[in-house]
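# Survey of secondary and tertiary structure
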Amino acid sequence: MDDVHSYRPIPNLSVLCKLLERLVSRQLLDYTTTAGLMPALQSAYRRFHSTEIAVLKVLADILHALDNGDVAVFTLLDLSAAFDTIDHAILLQRLETSYGIGGCVLRWFTSYFSGRTQHVRRGKSVSDIIVVLCRVPQGSVLGPTLFLLYMADLLWLIGHHNLRPHLYADDTQIYGFCCPTAAAQLQQQVSACIDDVAVWMQSNRLQLNTAKTEVLWCASSRRWYQLPRLA
């Protein structure tokens, strides 16, 4: 493919490195889960939080609202190269302040991100080696777990707007319900939430893919005429 955005750097990790990462990832997940620090509405990369769980949770909430005569709005947000834009300094600070990780453990994570380099090889041609200043390594064992912890605060932000979130990997779902007469107000509420999410993404070095952002209204056939109309 000619599109450079279709390619992602993959770390070349040894078996010993993957084994060490698996041990650290297991301990990190056990600690955050036992301490209640891992959000329940964040699926992927851990047990009992699969694609099916995410779909069933969101679908059940929307269908329940429609059965009660309400209308629902469902927003899907997507990130561009999410794993590749994670800021190391922000992640380390979040591990310390939000998850209580310090001392030698925090120093280990600091060392984990330090000294990483990358280059591109095509045939016999090799690019210059550059230092990696951001990114959780794609193809690593520990990277997905760290990504979940990096994104956890987004759930609180969405809940602050009295909307319901659900995250799956780098995909974000935002939805809410209301009586048909309040649909216009709910539309403004969702719009304000998306604006704040975009600001949060920018401040955390993440890039929201507006081209793949979708907003869907859900209603029964009897309520369809009461939905807001786009200008």
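The structure this text deals with has already been given above.
Residues numbered from 1 in each chain as written. Predicted model: local features only at pLDDT ≥ 70, side-chain atom pairs only at ≥ 80, totals over all residues. Heavy atoms only, no water.

## Some remarks on the pairing of strand β7 (residues 164-168)
Sheet topology note: the strand β1 (residues 42-43)/β7 ladder contains 2 bridges and is parallel. Within β7, the residue paired with Ser-43 across the bridge is Tyr-168. Where β7 folds back onto strand β8 (residues 171-178) in an antiparallel hairpin, the turn is made up of 2 residues, including Ala-169, whose phi is positive at roughly 55 degrees. (Pairing = 2+ DSSP bridges. Helix = DSSP H or I, 4+ residues; strand = E, 2+ residues; numbered from the N terminus.)

## Examining the packing of aromatic side chains
The final tally for this structure, using the stated rule, is 7 aromatic pairs. Both rings, one in Phe-83 and one in Phe-147, keep their centres 4.5 Å apart while their planes meet at 15 degrees; by these two values the pair is stacked. Residue Phe-83 is found in the loop between β2 (71-78) and α3 (88-97), and its partner Phe-147 is found in helix α5 (residues 143-151); the two are separated by 64 residues along the sequence. Accessibility classification places Phe-83 together with Phe-147 in one group, the buried group. Each ring, one from Tyr-112 and one from Phe-113, has its centre 5.2 Å from the other, and the planes form 75 degrees; the classification is edge-to-face. For the pair formed by Tyr-112 and Phe-113, the shared burial category is buried. The structure contains a cluster of three or more aromatic residues connected by ring pairs, namely Trp-108, Phe-109, Tyr-112 and Phe-113. In this structure, Arg-94 packs its charged tip against the face of Tyr-150, placed 5.1 Å from the ring centre. (Phe/Tyr/Trp six-rings, centres within 6.5 Å; stacked < 30°, edge-to-face > 60°. Buried < 20%, exposed > 50% of the residue type's maximum accessible area, 1.4 Å probe, protein only. Lys NZ or Arg CZ within 6 Å of the ring centre and 35° of its normal.)

## Examining the packing of α3 against α5
Relative orientation of the contacting elements α3 and α5 amounts to 75 degrees, with a least axis distance of 10 Å. By the angle between their axes, α3 is roughly perpendicular relative to α5. Residues Ile-90, Leu-91, Arg-94 and Leu-95 of α3 form the contact with α5, whose participating residues are Leu-146, Leu-149 and Tyr-150. Among the residues forming the contact of α3 with α5, the class breakdown is 6 nonpolar, no polar and 1 charged. (Axes fitted to C-alpha atoms, helices over the stretch in contact; angles between N-to-C directions. Parallel < 35°, antiparallel > 145°, perpendicular 65-115°, else oblique. Contact = heavy atoms within 4.5 Å. Nonpolar A, V, L, I, M, F, W, Y, C, P; charged D, E, K, R; others polar.)

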